[in-house]
Amino acid sequence: MSERDVPVNPRFMKRRYLALLIVAVFATLSTITFYICYQHHAIHTEQTLKGDRATANLLALILDQHFKKIVSVMESYSKRPLLLQAARDRNAEKAAAHLISLTQSEPDIDILIITDRKGTLWAAYPGRPEVLGKNFAYREWYQDVSRDWKPYISDVVLRVVREKDLAVQISVPLFDETGEVIGIMLNTQRAIGLKNLFTDVPLDPDASISITDRKDQIAYSTRYDYEKEVRPYPFRSAMNKAMAANNKTFAVEESDPGGRTRYITVTPVGAIGWTVLVGRDKRSIFLSETTYHAQVAAIAFLLFLSIVLLFVYARKQVMAQETLKQLQAEKLLRESEIRFRELFGRMMAGVAVYEARDNGEDFIFNDINPAGESISQVKRTEIIGKSVLEIFPGVNDIGLFQVFQRVWKTGTAEHHSVSLYKDKRIFQWVENDVYRLPSGEIVAVYADVTGRKKAEDEIKRLNAELEQRVIDRTAQLEAANKEMEAFSYSVSHDLRGPLRAIDGFSRILLEEYSDTLGAEGNRLLDIIRTNTRQMDTLITDLLAFSQVLKSALTVSRIDMTTMVNSMYHEIASPEVRQRFVFTVAPLPDGAGDPALLRQVWSNLLSNAVKFSMPGDEPRIEITGYTKKEMNIYSIRDNGVGFNPAYIHKLFGVFQRLHKTDEFEGTGVGLAIVQRIIHRHGGRVWAEGNINEGATFSFSLPRKEADHARHEAGGDSAGGGQSP
Amino acid sequence: MHDMKQVEILLVEDNPHDAELTLRALKKNNLANSITLVADGEEALDFIFARGAYSERKVEQIPKVVILDLKLPKVDGLEVLRGMKGDPRTRVIPVVVLTSSKEESDIVESYRLGVNSYIVKPVDFDKFVAAVKDLGLYWLLLNQPPGA
């Protein structure tokens, strides 16, 4: 059904399917219609026959009642004493009056006669003088009634008088007071009169009615001539068979006319042995259904037409959609074609399409794009159909031809890396990507990378140059480091010699020529010696300061609280400790080089002790806390403080904010602190005021790894100088 | 200066003032009985290995102690130390480095080469005298050299 399932030739498939469908629908509908009609016919036949049975029963009942009524009326007259007296007297005149009365009381009563016991007629109405005195004992009715002396209804007989037609005789015996039979009263009725009994019964015009007597002779019929002769019922054997089998209805084949089948329904009339038959032509049942059949057929036909129209419409719709789809697909295809054509024509890379020849031994040009034309300096029209070996003889040398063959055979795309292509016309660096198309053609997408190649070479050259420059600079730096080292070596070694000599010989002078020099000479020599020692301290501090940069950091975890306490004990003598109030709050553990941090605490604590106010109760408080990734430590004193205007000079080398005669020192301590903290990736700062104490704080990264990073990125000049 | 009796102290010092101060300090402590002073490393090695000017000496006549400055002309103190400690005959001679250098590399290298003591010359003469006295007492009087 679905068009999508058969996209190859939908029209053909569709038409064929449609014809088959219509046939199938027609067959189905026909079958259903036939079945409905057949079912209806069966039910209708059944109902019709049921109606026939009802009719037959009704007619039998009416007939039975009719005879019973006649008999009872006659019996009532037969018991009249006057009539009986007349009978005893054989007084025909008196009897006639009763007979007339009887005839008038009951219109169905036709001829009335009265016989004596022996069957001799003596009275009749209407009067029939010719038969008076005639004996009728030979007649069937006399024989029947005289058998038991009971009322008797005869079979049909042909009358010999009057119309000489078919008649029924009803005879009633006359009894006297003693019960002696004194005569017989007989009534002869025309059979045709039975018709009047049925006038009020609605009869189906298709149905025929027959009444038979005990001898199966037709007493009345709407179908057969019965009035002028006694005729046997034509289907009496079938009738008797059906009655014997207690079947209400039986079917017979009519010999005339045309041998049609008739359905006949049979019902006995009371106890008198008569039978009512309702017959019906089988065909008449069918014919009565014609209207119904016509309606069903018409509905079925309309249904069939609707379905066919629906199919045709649906097919048209589907076909229209199919056509639309095809048009859209064609449009998309056109657009795609244009798009790729544009792409092919405008792309920067060269594209060449080849077709294999001689089983991959040669490849000829099928197409080339404008970029390809310009890269390879060829004209499309001139190379189409020509061999690649003819146009680009160098492809063999760079292995590209072999790539073509492999790709053509395996279908696996290959990249042919940057190679120098050479032939008589062209000298360029090219890079190729080779594919196989579904059509079997080979496509080479390529680019002239000569410019790029040059640029790459240039970059390589520059890189090499740069590297050389780095090597040179490093060597220079190393040399400078060496010089620096030699310088500090000289300082430590050579500057001390003269100092020692000055001090030593001054001392010798003091020892050996003290008297000669006099008091002033001695004082001056002491000044010389004091200055010598001061210079020595300066040199020592300067060396310590440069030392901070030289050794490598050995970072580990440090229990700061313990370190601060131990350093305090180291730098402060017991007398000092007694004078000072020293408090250390719990400090966060730090991470850093223990030796260098000891130096830091040593310098800070020394400063705090050194710059205490004379006389007052000196205090030193150490606190610490953690903020983000840093630990921050502070040392506060209540000493002389400093002028914040010179705060920028605090951490400078040889910068002093106090006079030498007030406080000793070279002004290197805080510079060393700053260097060490900076090497750890931390920061140092100070707060204070003159005579209001000072707070020095420094921060250290919490993680050991951060030190390492800082070390790696930082001081290259100081690194790698371990002994 | 080159008599045949055993030299007790070989002082290697290029600075004459330092040398004088050292000699004075030794004398002050009565340790200057037999001192030989050489002014550079080459001369020091010549003395120890009985070469050149000292060829009439015997190598076996080893001094009791060598006081060695590090910064010397021609051959520096560390080279002298290396030469002495590299020869089995002279390895046993105690060597005391007496120098102005506090340079850690010098200290470590000296001990690596087998120096017996490393003393930084104090600038303060009083301290200098005390230091020289200590070393003289120890190496000349208290120390028992092998086979002496």
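For clarity, every value in this text was computed on a predicted model and none was experimentally measured.

K.L.:
When you look at the overall build of chain B in this model, what are you seeing that I'm missing?
P.N.:
What chain B contains, in helices and strands, is 5 helices and 5 strands. Mapped in sequence order, the helices and strands of chain B form the string β-α-β-α-β-α-β-α-β-α. The 148 residues of chain B split such that 39% are buried.

K.L.:
In this structure, what is going on with the nonpolar core? I would like to understand it.
P.N.:
Residue and element names in this part refer to chain A. Within the largest apolar cluster, 57 residues are counted, with the highest numbers of intra-cluster contacts made by Leu-112, Ile-113, Met-185, Ala-191, Ala-219 and Val-276. Considering every element that reaches this core, the biggest residue donor is helix α1 (residues 10-78), with 7 residues. Excluding its chain neighbours within four sequence positions, the residues that come into contact with Val-276 are Ala-56, Leu-59, Ala-60, Leu-63, Ile-211, Thr-267 and Val-269. Counting residues in each nonpolar core, the second largest holds 38 residues, with Val-548, Ala-608, Tyr-633 and Val-640 among its members.

K.L.:
When you look at the confidence of the model for chain A in this model, what are you seeing that I'm missing?
P.N.:
Low pLDDT means the predicted atomic positions in that stretch should not be read closely. In the predicted model, chain A carries a mean pLDDT of 85, and the fraction of residues at 70 or more is 92%. Overall, residues 708-723 of chain A carries pLDDT values under 50, and its contacts beyond four positions in sequence, including any with other chains, amount to 18 contacts.

K.L.:
Hey, could you run me through the interface of chain B and chain A in this one?
P.N.:
Residue-level contacts link 19 residues of chain B with 17 residues of chain A. When contributions to the side of chain B that touches chain A are tallied by element, the ones reaching two or more residues are α1 (16-28), α4 (104-113) and α5 (125-142) of chain B. The leading source of residues in the side of chain B that touches chain A is α1(B), at 4 residues. Its residues placed into classes, the side of chain B that touches chain A shows 5 nonpolar, 5 polar and 9 charged.

K.L.:
Mind showing me how you'd approach helix α2 (residues 81-89) of chain A here?
P.N.:
Along an α-helix, residues three or four positions apart point the same way, because every turn accommodates 3.6 residues. Residues and elements named next belong to chain A. Buried within α2 we find Leu-83, Ala-86 and Ala-87. End-on, the buried residues of α2 take up no more than an arc of 100°, which puts them together on one face. In α2, the exposed positions angled more than 90 degrees off the buried face are occupied by Pro-81, Leu-82 and Asp-89. Downstream of α2 by a residue or two, Arg-90 has a phi angle that is positive, lying close to 55°.

K.L.:
What exactly am I supposed to notice about the sheet that holds strand β4 (residues 166-175) of chain A here?
P.N.:
Sheets are built from strands that pair by backbone hydrogen bonding, the pairs being arranged parallel or antiparallel. Residue and element names in this part refer to chain A. With antiparallel pairing, 5 strands are arranged side by side in an open sheet as β2-β1-β5-β4-β3. Two strands bound the open sheet, and with one partner strand each, they are β2 (121-125) and β3 (152-158). Within the sheet, the average angular offset between the axes of one strand and its neighbour, ignoring direction, is 20°. Sheet analysis places β4 next to strand β5 (residues 181-190), joined by 9 bridges and oriented antiparallel.

K.L.:
Just to check I follow, could you spell out the sheet that holds strand β10 (residues 274-281) of chain A for this structure?
P.N.:
Residues and elements named next belong to chain A. One open sheet holds the 5 strands; their spatial order is β7-β6-β10-β9-β8, and the pairing between them is antiparallel. Single-partner strands in this sheet number two, and they are β7 (218-221) and β8 (249-253). Strand after strand, the sheet turns through a mean of 25° between neighbouring axes, direction not considered. Direction of pairing for β8 relative to strand β9 (residues 261-269): antiparallel, over a ladder of 5 bridges. Paired with Phe-250 across the two strands is Ile-264, which belongs to β9.

K.L.:
What exactly am I supposed to notice about the packing of helix α13 (residues 496-512) of chain A against α5(B) here?
P.N.:
When two helices pack together, their arrangement is given by the angle between the helix axes and by the axis-to-axis distance. Contact pair α13(A) / α5(B): the axes reach a minimum separation of 8 Å and the direction vectors enclose 90°. Considered as vectors, α13(A) and α5(B) are oriented roughly perpendicular to each other. Residues Arg500(A), Asp503(A), Gly504(A) and Arg507(A) of α13(A) lie in contact with α5(B), whose contacting residues are Phe125(B), Asp126(B) and Phe128(B).

K.L.:
Is there a simple way to explain the confidence of the model for chain B in this structure?
P.N.:
Looking at chain B as a whole, the pLDDT averages 84, with 93% of positions reaching at least 70. We note a pTM of 0.41 for the whole complex and an ipTM of 0.75 for its interfaces.

K.L.:
I would appreciate a short explanation of the environment of Ile114(A) in the present structure.
P.N.:
Residues and elements named next belong to chain A. Within the secondary structure, Ile-114 sits in strand β1 (residues 111-116). Take Ile-114: there are 26 C-beta atoms within 10 Å of it, and that puts it in the buried class. Separated by 18 residues in sequence, Ile-114 and Ala-96 have C-alpha atoms that sit 9.5 Å apart. Once residues lying within four places of it in the same chain are set aside, the contact partners of Ile-114 are Ala-87, Ala-95, Trp-122, Ala-123, Gly-183, Ile-184 and Met-185.

K.L.:
Could you clarify how one ought to interpret the pairing of strand β2 (residues 35-38) of chain B in this entry?
P.N.:
Working note: regular strand, side chains alternate between the two faces of the sheet. Residue and element names in this part refer to chain B. With burial as the criterion, only one face of β2 is covered, namely that bearing Thr-36 and Val-38; the residues Ile-35 and Leu-37 on the opposite face remain uncovered. Sheet topology places strand β1 (residues 9-12) next to β2; 4 bridges connect them, and they run parallel. Residue pairing across strands places Leu-11 opposite Leu-37, the latter belonging to β2. Note that the unit made of β1, α1 and β2 has a crossover that is right-handed.

Rules behind the numbers
- Residues numbered from 1 in each chain as written.
- Chains lettered and ligands numbered in written order.
- Predicted model: local features only at pLDDT ≥ 70, side-chain atom pairs only at ≥ 80, totals over all residues.
- Helix = DSSP H or I, 4+ residues; strand = E, 2+ residues; numbered from the N terminus.
- Buried ≥ 20, exposed ≤ 12 C-beta atoms within 10 Å, placed from the backbone.
- Core = buried A, V, L, I, M, F, W, Y, C linked by C-beta atoms within 7 Å.
- Contact = placed C-beta atoms within 7 Å.
- pLDDT = per-residue confidence, 0-100.
- Nonpolar A, V, L, I, M, F, W, Y, C, P; charged D, E, K, R; others polar.
- Arc of directions from axis to C-beta.
- Pairing = 2+ DSSP bridges.
- Axes fitted to C-alpha atoms, helices over the stretch in contact; angles between N-to-C directions.
- Parallel < 35°, antiparallel > 145°, perpendicular 65-115°, else oblique.
- Right-handed = clockwise from strand over helix to strand, strands pointing away.

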